[in-house]
Structures are given as C-alpha cells and as structure tokens.
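# Tertiary structure, described
These are the residues of each chain, in order.
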Amino acid sequence: MYTPSFLIHRNAFRGETTLVYVKAKVHDKAESTIVVRPLLEKMSKAELHTVMTNSFATLSGSTVAAYILYGVPANYLIAGSFMSAPAGLALSKLAYPDDVTTLRSSRRHALPDARETGFIEALVAGATAAIGVITHLVANLIAFICILAFMNDAIIWFGARVGLDLETVTFQVICSYVFWPFVFLMGVPMAECGVVARMVGIKILFSELLALEDLGTLHKNRVTLERHLEGNGTFTWTDSGDIALSGTNVTLSGGVLTPRTETIATFALCGFSDVYAYCLLLAVLSAAAPSRKQDLVGVSGRAWICGIVACFLSACMAGAVFSRQRIIPYASGRLFMTH
C-alpha cells in the first residue's frame, strides 16, 4: 500500500507525516503512529518533530466520543481538534523546518498491507480496540484524580508544618495564577481568566481528562441556569463562586462560564499536550524505532511546546469569530452571553 500522492505537497510535506495527520483524526495517537512504524527509521528529524507535534496538538476520534460524555459540546470538540491540526503542522515547520535534502526527496515508501481481509473483520477489530481505549481513559482518569488529590493534601500538609493555613490553596489555584496571562491573551474576560487558567494548567501538567471534566460540569451548570432563567427564576452568587438558584435547593458548584469563554476553553483543551501524553508518546515511538530514540528525545520538548501553542492559537481564532447576539447582565456584574 502506498501513501496517496494527492496528500503530499511537493515542497512542504511527505506522505508519512501527512498520513499520520489524517489517521490521528480517527485513531488513537499511538495507533496512528504505529501505522507508519516501518517508516520511522527513514524519517528525518524534522519529520519526527512534525509527527510528535500532531500527536500533542489534536484529539483522536475515539477519545472525543468519551469526552462528549463529560458534557463538553461535541461541535466544539470536533472543530477544535481539526483546527489544531493545521496550526500544529505550521508551527512544527516553523520550529523545525526540513532541510533541502528532505524537501527534494520525492521517493514513495511502501507500507505493509492491512491484516483484516474484510469489512466485518475490520469492524470487529475496531470494536475490540475501542475497549482498550475506554479502559485506558478510565484508568488514567482515576490515577490522575488521585495524584491531584495528593498534590492538594501535600500543599496543605507542608503549609501546616511551617505554620501556614493553606486550606484554600490548591494546585488548581496555583495554576490559575501561572497560566492567567496566556488565557487573557486568548481573549477570555478578566473575570473568568482564573477559572480557564486553572483548567489549562491542569490539562498541561496533569491530564486533559480532568480539565474537560471540569469544563463539562460548567457547561451543564450554564444549561441549568438558562432553563432556570427562562422560567423567570432568579439566582445569587455565593462567596465561594457557586450559584444558588432561588426557590430551589440547587447549587451550581463552580458557577458558570459565558458561552464565548466556554468555546475558547474547549479549543484550548483540545490536545494531548499534557505531561502524561508526552511520556507515553515518547515511550511508544522509542519502542517502535529504537535506533531513533536519541533523535526523538531531542525534538520531543520542542514538539510538545508547539502542540500546546497550536491549541492556544485555535482558541484565539475561536474567540475571534464567536458571534454574540444576546447579553444578560448577572447580578454580580458579570455578563452572561448566549448564542
């Protein structure tokens, strides 16, 4: 099987890297990379950098389906993953351009034929592979929730040792300050920068699983609040940032985000650019091409940063084109914008 020639731009991309970008929209990052496993040994360092950037900048179709169950809007997840792909491709070429020898090379490399012999066999193989993906997601979600809880307890414990009361200081709060400038530059209103910066920090330093779960909760809160307002209900903000719906016993933990901020946050989180994904991808590629391990380690850090920035660029574009039609003032002075 050969890479289709119409996918290759003569002076920019070769078939191997283009194939990985296309496959990554459907399959898991490790699976899409293994597709070109026989060709990894022949790739240049710039092409390895491009392959890794793609993995960090986008989400696969199988994981998008799982994240939708968290309550995150499917249209933004899919659009964010697709928009980050060309952004990551452009950034990878700017950060690590191909040399003249690679650009002039036009030889085509053969890939091994598929092992499945029919549609039914391929369908069964895909369904079986999905079980592993879902199990992988659930196991990692549990693991990273435990790690995050440990980090928060460790901060409180060390604070108590030196006589400080750090009950309200969590790892999420620290992230909200570290990534605040980046979120503000994406176009998030200042009143909501802390919440989005917290999710971005969790996504980069821990896992996008936890960040998207938080975002899904905030989206559900907004839907609940909209329905409450449509029934002429009222609400109040609590000191902790939650929303109490008047006339009910419902409290929306964490409050809500405006639709535009939700959109920006979703696009910023659409990528496997967390520390765990970094280690996982490096391990998979090193196992697939042991002789290129040193080259992979050399370009991995730069590719990881390019993947993060690609998601941020997509978020900036999403915020720039987001339409606003109706504005409802909050009781606290914040703005609640709907489509």
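Residues numbered from 1 in each chain as written. Predicted model: local features only at pLDDT ≥ 70, side-chain atom pairs only at ≥ 80, totals over all residues. Heavy atoms only, no water.

Strand order in this open sheet of three strands is β1-β2-β3, and the pairing throughout is antiparallel. Each edge of the open sheet is held by one strand with a lone partner, namely β1 (235–237) and β3 (251–252). (Pairing = 2+ DSSP bridges. Helix = DSSP H or I, 4+ residues; strand = E, 2+ residues; numbered from the N terminus.)

Turning our eyes to something else, we now look at the packing of helix α4 (residues 45–57) against helix α6 (residues 74–95). Running from N to C, α4 and α6 point in directions that differ by 145 degrees, and their axes come no closer than 9 Å. Taken as a pair, α4 and α6 cross one another with a handedness that is right-handed. Together, H49, T50, T53 and A57 of α4 and S84, G88, L89, S92, K93 and A95 of α6 make up the contact between the two elements. (Axes fitted to C-alpha atoms, helices over the stretch in contact; angles between N-to-C directions. Left-handed = near helix turned anticlockwise from the far one by under 90°. Contact = heavy atoms within 4.5 Å.)

Before going further, it helps to spend a moment on the nonpolar core. By size, the foremost hydrophobic cluster in this structure holds 60 residues, and its most contacted members are M52, M199 and V200. A per-element tally of this core places helix α15 (residues 293–321) first, with eight residues. For M199, the contacting residues outside a window of four places in its chain are A211, D214, L215, L218, L257, A265 and L269. Counting residues in hydrophobic clusters, the runner-up holds six residues, among them L225, F235, I243 and L252. (Core = buried A, V, L, I, M, F, W, Y, C linked by side-chain atoms within 4.5 Å. Buried < 20%, exposed > 50% of the residue type's maximum accessible area, 1.4 Å probe, protein only.)

The sites that UniProt annotates as "transmembrane region" (unreviewed entry) are residues 51–70, 141–160, 169–189, 267–289 and 301–322. As a span, residues 267–289 carries 74% helix and 0% strand, and end to end its C-alpha atoms are 32 Å apart. (UniProt positions renumbered as here; feature names shortened; annotations may be inferred.)

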